[in-house]
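# Descriptive analysis of the structure
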Amino acid sequence: MRVVLDTNVLLSALLSPHGPPELIYRAWRAARFEIVTSVKQLDELRRASRYPKFKAVLQPHRVGTMVNNLQRAIVLESLPSDIEADDPFDAFLLAMSVVGEADYLVTGDQRAGLLKLGHFEHTRILTPAAFCAEAL
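Small disclaimer: the values here were computed from a predicted structure and weren't measured.

What follows covers the packing of helix α3 (residues 39-48) against helix α6 (residues 91-99). The geometry of α3 relative to α6 is characterised by a closest axis approach of 10 Å and an angle of 140 degrees between their N-to-C directions. By the criterion of interaxial angle, the relationship of α3 to α6 is oblique. α6 is crossed by α3, and the crossing has left-handed handedness. Each of K40, Q41 and E44 in α3 lies in contact with α6, whose residues at this interface are F92, L93 and M96. The class makeup of the residues in the contact of α3 with α6 is 3 nonpolar, 1 polar and 2 charged.

All right, on to the packing of aromatic side chains then. If you walk through the whole model with that rule in mind, you get 3 aromatic pairs. Both rings, one in Y25 and one in W28, keep their centres 5.9 Å apart while their planes meet at 40 degrees; by these two values the pair is tilted. In this pair, Y25 and W28 are both assigned in helix α2 (residues 20-29), 3 residues apart and thus about one turn of the helix distant. Classification of Y25 by relative accessible area gives buried; the value is 8%. Looking at W28, the relative accessible area reads 10%, which means it is buried. Ring geometry for Y104 and F131: centres 5.2 Å apart, planes at 75 degrees, overall edge-to-face. Taken together, the residues span a long stretch of sequence, with Y104 in strand β4 (residues 104-106) and F131 in helix α8 (residues 128-135) at a distance of 27 residues. Of the two residues, Y104 and F131, both sit in the buried class.

Another aspect to go through is α3. Taken together, the buried positions of α3 are occupied by Q41, L42, E44, L45 and A48. Angular distribution of buried residues about the axis of α3 spans 160 degrees; they occupy a single face of the element.

Mapping T123 onto the fold places it in strand β6 (residues 123-126). Separated by 2.7 Å, the side chain of T123 and the backbone oxygen of A102 make a polar contact.

Counted according to the given criterion, the structure contains 4 salt bridges. Between E34 and R2 there is a salt bridge, and its shortest N-O distance comes to 3.5 Å. Here R2 lies in strand β1 (residues 2-5) and E34 lies in strand β2 (residues 34-38), a separation of 32 residues in the sequence. The partly exposed category is assigned to R2, whose relative accessible area is 28%.

When a protein is soluble and globular, its nonpolar side chains tend to lie buried together. With 29 residues, the main nonpolar core has L5, F33, M66, L70, V106 and F131 as its most contacted residues. Where this core is concerned, the elements lending two or more residues are β1, α1 (7-15), α2, α3, α5 (60-70), β4 and α8. Sorting elements by how many residues they give to this core places α1 first, with 5 residues. Here F33 is in contact with M1, V3, I24, A27, W28, F131 and L136, once residues within four sequence places are set aside. L93, L94, M96 and F120 belong to the second-largest nonpolar core, a separate cluster that totals 15 residues.

About the criteria used
- Residues numbered from 1 in each chain as written.
- Predicted model: local features only at pLDDT ≥ 70, side-chain atom pairs only at ≥ 80, totals over all residues.
- Heavy atoms only, no water.
- Axes fitted to C-alpha atoms, helices over the stretch in contact; angles between N-to-C directions.
- Helix = DSSP H or I, 4+ residues; strand = E, 2+ residues; numbered from the N terminus.
- Parallel < 35°, antiparallel > 145°, perpendicular 65-115°, else oblique.
- Left-handed = near helix turned anticlockwise from the far one by under 90°.
- Contact = heavy atoms within 4.5 Å.
- Nonpolar A, V, L, I, M, F, W, Y, C, P; charged D, E, K, R; others polar.
- Phe/Tyr/Trp six-rings, centres within 6.5 Å; stacked < 30°, edge-to-face > 60°.
- Buried < 20%, exposed > 50% of the residue type's maximum accessible area, 1.4 Å probe, protein only.
- Arc of directions from axis to C-beta.
- Polar contact = N/O pair within 3.5 Å; in protein donor to acceptor, adjacent residues only side chain to side chain.
- Salt bridge = Lys/Arg side-chain N within 4 Å of Asp/Glu carboxyl O.
- Core = buried A, V, L, I, M, F, W, Y, C linked by side-chain atoms within 4.5 Å.

Structure, rendered in structure tokens:
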């Protein structure tokens, strides 16, 4: 099973040690599924972790460890630019899903519209809690 995790899910895994995002991250580390990521997402994770709202609560070494761990995932170097999303900043997640042949895209972003889609091509789009209930 291949899974794309929205950057907000990865950040949530670092912020809360007891929620569904952390459970998903631990399941991946235990080799229960493959994560599809990209150079673009790894850059976004690094950049977002430095936002003022996260700087006070995220330890840089934990972010670095996560980025290093994700280097062992399926890391896509380039993504198509012709895929559109309601939120243009989420289009790369849909592109990763297509190119990486992901079974699931997991996002916690209720506002962006990805969850409203429900699926994109053959990728199901779920919240972290729904993914845990269905796939773990």
